[in-house]
Amino acid sequence: MKKQCFILCLLFAFSIVNAQTIMDFNDNWEFQLNGENQVERVSLPHSWNSDEVVSGRYFTKGKGIYTKNYFFDKSLEGKRIFLEFEAVSKEGHVYVNDKFVGQHKGGYSQFTVEITDSVRFDAENEIVVIADNRDMSEILPISGDFNFFGGITRPVSLVIKEKNCISPMFYSTNGVFVMPKSVSHDQAAFSVETKLLIANPSEALTLNTSIYDASGNLVATNRVSSLSDSSTSDFKIDKPVLWNGLDNPYLYTVKVELLSGSDVIDSVVDTFGLRSYSVDPEKGFFLNGDYLKLHGVNRHQDREGYASALLNKHHDEDMEIMLDMGVNSMRLAHYQHADYFYKLCDQKGIVVWAEIPFVAFISNGFNGSKELRENGIQQLRELIYQNLNRPSIFFWGIYNEIKVFDRASSYIEELNVEAKKIDPSRLTVGAANFEGPYTSTPDILGWNQYLGWYGLSPKQFVSWVDRYHRRNPSIAFSISEYGAGGSFEYDRACRIKPLAGGKLHPQSWQLYFHEIYWEKIASSQFIWGSYVWNMFDFSAENRNEGDKAGMNDKGIVSYDRQAKKELFYFYKANWTDSPVCHITGRNIKGSRSEFKVYSNCEYVKLYLNDKFISAVKPDHLKRCVWSRIRLQKGKNIVKAEGFINETKVSEDLVSFDR
């Protein structure tokens, strides 16, 4: 929603004449870190931590100074000029020609500054942005089990508009908001509100709002002539095509034109979806009246070589990997993610839990200061307004793992009230790991559970689920986090829980842990959703465990996205119909007598050194197991073949040494 379209399909191309101009502003910046003499030429997005995150536990915090010289042509005089920053971490200050033009506190949400009065035309202009990722007690997040990387970590745009325009300044949105009133298969009623900046009220202005279906056909339109700083148009569509997750992520288009006489002086185009949903404490999640088991992952937005300054191609790759595994829902933790990725979720049909960075206080308790409380409200408003049109977002997350001793109950209530006031169409949710007065504050709840990794046994998760549901029958809850570490460099057949803080994190235990958890989740309809922690290994400076220091290795895929752990194939077999046949334990050394294959085929044939062993049908967890197999000394070739309708559809082959 934040990025307004400039280059559009032919349907809308005519509206660009005399409308706004949006320009990529990401090239040819100079960068200095902490006032050092070394100057580097960079393109955005950029983080000064990108080369540090795999070299050890700690990363650089400080101030980065970004400088860009830009020539503003005389023809732009009389226009309004804005700079739109998708994210500057953790605090950003912006100057034009040595004049301060704005600041923003919060490293994950978009902000916009108007620079019209600071620009010199027909001349070079110096633009300076100071990004500061030092620890700050008045900006969320204060602490957390992930790194707060510094830099201008998402793209920047130069936006040029007429004096009278659709506002880009209302919480740095495109100024157009689609609000559903009622949605069913028979009819959808909604409103479109447009925020305006009117510098010349004597100009004869008209606002034209049009709705198009996915094929580009006009389905509704509305024109308003008496304008103020906000204008609302109401619409009804009979027999709407509903946004229906992976099955049919159908998107309508809203186009708003601001006209002076017959001339279009500004235009905004955005997509939206129409859908209804509900969550029941006993029956689970329903989308457009139909039950849907939400199963998915948490995602952190960082990766090797880039820190959090990801490019669109990285978001595309992440999405492709997750869809291949069968994800239908995501919790995008623990902060506002890139606008591009939310739009991908719209287009692909992913049900999203989006949240603000109000996370557990590891080093400092919640201080309750006025500045911190205001910053959390600000970031909540930005998250909601900047993503209000995204049909993929169903839940606004207002906290993660806040403890009773943080004394934040009244503030969580304040956040919940604010979210419901802005957007009554969506549910609020919190992720808890302690029972407390705030677990009943949001509409629905998530539980972060690691029984069997941080103490006790995975089997105790089974009894915990039943016990909690029995004691709290009116609370609709999900499993918002669950997971265990998994190493690439070492594995062993393991049925004794390894030390979570130790160096040995066998994938065999990770598989054992997830098999028990998923079996219980899959059989419990009242668990409305589940989210593996985490889709990808991610950096966390406070950790020194597993294969690498500074890394949380609970991911299903490696930090650089180049290697899939065996857990990937367990979930792909359980969550998709794409043929899967994967031999597990391929990193286990030495003698073994049992082989396990994950497969969603009708049956699997196993061969040892070209000798047929037997055919086995997968169980309810898509496992095929062969016991009492004797390997010969030296190299052994194990092959598994998956069959559907007597046809081989998948194969895996692994070499084992004894």
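Cut-offs used in this document
- Residues numbered from 1 in each chain as written.
- Predicted model: local features only at pLDDT ≥ 70, side-chain atom pairs only at ≥ 80, totals over all residues.
- Heavy atoms only, no water.
- Phe/Tyr/Trp six-rings, centres within 6.5 Å; stacked < 30°, edge-to-face > 60°.
- Helix = DSSP H or I, 4+ residues; strand = E, 2+ residues; numbered from the N terminus.
- Buried < 20%, exposed > 50% of the residue type's maximum accessible area, 1.4 Å probe, protein only.
- Contact = heavy atoms within 4.5 Å.
- Pairing = 2+ DSSP bridges.
- Axes fitted to C-alpha atoms, helices over the stretch in contact; angles between N-to-C directions.

It is worth spelling out the packing of aromatic side chains at this point. A complete count under the given rule lists 57 aromatic pairs for this structure. The interplanar angle of 85° and the centroid separation of 6.2 Å between the aromatic rings of Trp464 and Phe477 together place this pair among those described as edge-to-face. Placement of the pair is Trp464 in helix H5 (residues 459-471) and Phe477 in strand E28 (residues 477-482), with a sequence separation of 13 residues. Looking at Trp464, the relative accessible area reads 11%, which means it is buried. Accessibility expressed as a relative area gives 0% for Phe477, which makes it buried. Consider the rings of Phe570 and Tyr571, whose centres lie 5.0 Å apart with planes at 70°: the pair is edge-to-face. On the accessibility criterion, Phe570 (0% relative accessible area) is buried.

Moving on: the side chain of Thr441. Structurally, Thr441 can be placed in the loop between strand E26 (427-432) and strand E27 (444-448). Apart from the residues lying within four places of it in its own chain, the contact partners of Thr441 are Ile412, Glu413 and Asn416.

Let us look at the sheet that holds strand E2 (residues 29-33). The antiparallel open sheet is built from 6 strands, whose spatial order is E3-E2-E4-E9-E6-E7. The open sheet terminates on both sides in strands that have one partner only, identified here as strand E3 (40-42) and strand E7 (99-105). Along the sheet, successive strands turn relative to each other by an average axial angle of 25°, direction set aside. In the sheet, strand E6 (residues 91-96) pairs with E7 via 6 bridges, with the strands oriented antiparallel. Bridging from a neighbouring strand, Val96 pairs with Lys99 of E7.

Strand pairing in a sheet relies on backbone hydrogen bonds. The paired strands run either parallel or antiparallel. The 4 strands are arranged E1-E10-E5-E8 in an open sheet whose pairing can be described as antiparallel. Either end of the sheet is taken by a strand with one partner, and the two such strands are strand E1 (21-24) and strand E8 (111-114). Taken over all neighbouring pairs, the strand axes of this sheet differ in orientation by 25° on average, direction set aside. Across 4 bridges, strand E5 (residues 80-85) lies against E8 in antiparallel orientation. Its bridge partner being in E8, Phe82 is matched across the sheet by Glu114.

None of this, on its own, says anything about what the molecule does.
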